[in-house]
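Spelled out from the first residue to the last, the chains are:
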Amino acid sequence: MDGFEVDTDRLREHARHVRERAGDVAELAPVALAMAADPGAFGIALAPVGSAMALAQAACGVAIGGVGGALAVTGTAVDVVADSYDVTDTAVRTVFRAGQVVLR
């Protein structure tokens, strides 16, 4: 392989999809946390189970929120990569067009 080509428009489209999923996940985090709000839902006899479930559900809600944040950062990072490719391509193109590079 002599080189490679990057379609930065497709990268940016992918970044947009990742950010959309980040928004979807971020909307789910409060729902998961709300599910953990009532440890008494299991009644008196199973109260310890309800408390344990509430702790696990709360941890899941926090984790879901973290995943949403990670997806948002990833989408932004993919945009930055696309921008970097475009800047590099422009700089290389400018040097070649200016005749400053001698190919041997």
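Residues numbered from 1 in each chain as written. Predicted model: local features only at pLDDT ≥ 70, side-chain atom pairs only at ≥ 80, totals over all residues. Heavy atoms only, no water.

Examining the overall build of the chain
Helix and strand counts for the chain come out as 2 helices and 0 strands. Counting only residues that meet the buried cut, the chain has 15% of its 104 residues in that class. A separation threshold of at least 6 residues defines the contact pool for the chain, and within that pool the share at least 24 residues apart is 76%. Of the roughly 7,600 Å² of accessible surface on the chain, a fraction of 66% belongs to carbon and sulfur atoms. (Helix = DSSP H or I, 4+ residues; strand = E, 2+ residues; numbered from the N terminus. Buried < 20%, exposed > 50% of the residue type's maximum accessible area, 1.4 Å probe, protein only. Contact = heavy atoms within 4.5 Å. Areas by Shrake-Rupley, 256 points an atom, 1.4 Å probe, with all protein chains shown as cover.)

Concerning the side chain of T8
Checked against the element boundaries, T8 lands in helix α1 (residues 8-35). What makes T8 buried here is its relative accessible area of 9%. Side chain to side chain, T8 and D86 meet in a polar contact 3.0 Å long. (Polar contact = N/O pair within 3.5 Å; in protein donor to acceptor, adjacent residues only side chain to side chain.)

Some remarks on a nonpolar patch on the surface
Among the surface-exposed residues, F42, L46, V49 and M53 lie close enough to one another that they form a single nonpolar patch of about 330 Å² accessible area. Here F42 lies in the loop between α1 and α2 (47-97). (Patch = residues over 30% accessible without salt bridge, like charges linked within 9 Å, V, L, I, M, F, W, Y side chains within 5 Å. Salt bridge = Lys/Arg side-chain N within 4 Å of Asp/Glu carboxyl O.)

Focus: α2
The first and last C-alpha atoms of α2 sit 75 Å apart over 51 residues, in line with the 75 Å expected at 1.5 Å per residue. Listed in full, the buried residues belonging to α2 are G50, A54, G61, G68, G75, V78, D79 and A82. Looking at the buried side of α2, the elements it contacts are α1. Positive backbone phi, at 75°, marks G99, one or two positions downstream of α2. (Expected span 1.5 Å × (residues − 1).)

Details of the pattern of salt bridges
Within the structure shown, the criterion is met by 7 salt bridges. A salt bridge links E20 to R16; its shortest N-O distance comes to 2.2 Å. Taken together, the residues span about one helical turn, with E20 and R16 both in helix α1 at a distance of 4 residues. By relative accessible area, which is 31% here, E20 ends up partly exposed. Two residues, R19 and D79, come together in a salt bridge whose shortest N-O distance is 2.6 Å. Of this pair, R19 sits in helix α1 while D79 is found in helix α2, placing the two residues 60 residues apart along the sequence. Beyond isolated ion pairs, a larger network of salt bridges with shared partners links E13, R16, E20, R21 and D24.

Some thoughts on the packing of aromatic side chains
Counted under the stated rule, the structure contains 1 aromatic pair. Aromatic pair F4 and Y85: ring centres 6.3 Å apart, planes at 80°, arrangement edge-to-face. Placement of F4 in the segment before α1 and of Y85 in helix α2 is noted, with a sequence separation of 81 residues between them. Judged by its relative accessible area of 31%, Y85 is partly exposed. (Phe/Tyr/Trp six-rings, centres within 6.5 Å; stacked < 30°, edge-to-face > 60°.)

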